[in-house]
Structures are given as C-alpha cells and as structure tokens.
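Structural description and commentary
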Amino acid sequence: MVLLQLDPFLNELTSMFERSTGTGSVWVTLKRSSLKSKVVRNKMVTAGEAIEYKCLIRATNGKKTISTSVCISYILNLSFWFISVLLEPSCRVMQVSSTVECKLRLSCEE
Amino acid sequence: MVYITSWDEFVERSVQLFRADPDSTRYVMKYRHCDGKLVLKVTDNRECLKYKTDQAQEAKKMEKLNNIFFTLMARGPEVDLSEVTGKEQTDAQPTKRGRGRKQ
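Residues numbered from 1 in each chain as written. Chains lettered and ligands numbered in written order. Predicted model: local features only at pLDDT ≥ 70, side-chain atom pairs only at ≥ 80, totals over all residues. Heavy atoms only, no water.

Looking up chain B in an unreviewed UniProt entry gives the name Signal recognition particle 9 kDa protein, with the organism given as Stylosanthes scabra. Chain B has a UniProt comment under Subcellular location (unreviewed entry) that states "Cytoplasm". Per UniProt, chain B has the following entry under Sequence similarities (unreviewed entry): "Belongs to the SRP9 family." (UniProt positions renumbered as here; feature names shortened; annotations may be inferred.)

Looking at an unreviewed UniProt entry, one finds chain A named Signal recognition particle 14 kDa protein and attributed to Stylosanthes scabra. Quoted verbatim from the Subcellular location (unreviewed entry) field of the UniProt record, the comment on chain A reads "Cytoplasm". Taken verbatim from the UniProt record of chain A, the Subunit (unreviewed entry) comment is "Heterodimer with SRP9; binds RNA as heterodimer. Component of a signal recognition particle (SRP) complex that consists of a 7SL RNA molecule of 300 nucleotides and six protein subunits: SRP72, SRP68, SRP54, SRP19, SRP14 and SRP9."

Structural data, given as structure tokens:
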C-alpha cells in the first residue's frame, strides 16, 4: 500500500474513479489513526504525552491500494474534492426519484 | 451485516458506534459507476451498519455524513457535531425570494 501526500492521493483517486466508470468498484475507507504502533502509543500514554490523531484514508479498486492521512486543516479541501469528483458525477448517473421526475414533467408540460 | 433503510437512523447509529470505539471503527464507501450504486458501511469489527442507495438525492446526503466523520476522526469523538451540521444547514437553506407585491 502506497502512502501519499494529499494532492497526489486525490489525483490518483480521481484517475481511479475515471478508470472504473465502465466496470468495477472503488472503495474509500476512512479511519481514525495516530499512525503509531500500539507499543509507541502505550509508551506515550504512560509518559502522559498527547497523541495526535489524523484521518487515515485508503482507496482501492481491487487491484491497487493508495492511502493518505489528513489532519484537521485539510479536511475542508477533502470535502470539496468529494463534492466535485465523487458526488457530482455520481448524481448524473444515479436515479432521480419519481417525485422529482413528475415535477420536472409537469413543469415541462406547462 | 444489516442494511438500514432509514438514512437518519443510519447516521445516528453510525455516530454512536464511532463514539463507543473510535480506534476500531471505520467508514467505508463503495461506489459502482456502471450500476450507479453507492453502499456505505460503518463497522467496528463487531457490529456492522450498511446503507445502500442508487438515488442522486441521497448521494448528496453522503456529503454531510462525510463531513461528520472527517470531523470526528480528526478532532476526536467528543467534538460537538452541531458546528458541522449547523453550518451545513445554514448553507443548504437558500435565501427565499418570494414574489413581492409591487405597490
């Protein structure tokens, strides 16, 4: 698994979504992590040190896995990316509910 | 594995699951563009909550859940989520411009 910086990760994830438009799935996993082993974490706890947690993000298309870790300051960038790369294209593909379709049909007929 | 039919119930139980065990809980999104289907899973390796949809309107709700989990995971399980949900509610509500009467 490749650990990337945020921008290269988003670029790679975008191309992963583009390559899987015809066939296949993309999994994106979010997990809270300190990126430190249990031994190191326990030592920090006993020493009274504060552990810094980040959001670990992993993505895979079944063949290749990429990952990155995000701290609080980059969360807004990530949120905008999800809207532009995942949600807007997926909304074009996914179904519009029947009530919305009826309203559109009625407005066209008027 | 349990598929939950109500979105609000899924969100509430997911947040509770995370807060109960933040180190083990993960949030997984699976998207199949060819089918237009989105499956969301939240699990702590003991309990698993899933939600699936092919509706465009519900894909937009996922944006809110993403922000909730980003905030929980980066700031910690004790963070006040009203900041995240409150801001989005004000952003989501467009300013109403009614047809005013010309006097």
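1. Looking at the pairing of strand E2 (residues 26-32) of chain B
If a strand is regular, its side chains alternate between the two faces of the sheet. Here 6 bridges tie strand E2 (residues 26-33) of chain A to E2(B), and the two strands are oriented antiparallel to one another. By the bridge assignment for E2(B), A:Val28 is matched with B:Met29. Counted along the chain from E2(B) to the antiparallel partner strand E3 (residues 37-43) of chain B, the turn is 4 residues long, and its residue B:Gly36 has a positive phi close to 65°. (Pairing = 2+ DSSP bridges. Helix = DSSP H or I, 4+ residues; strand = E, 2+ residues; numbered from the N terminus.)

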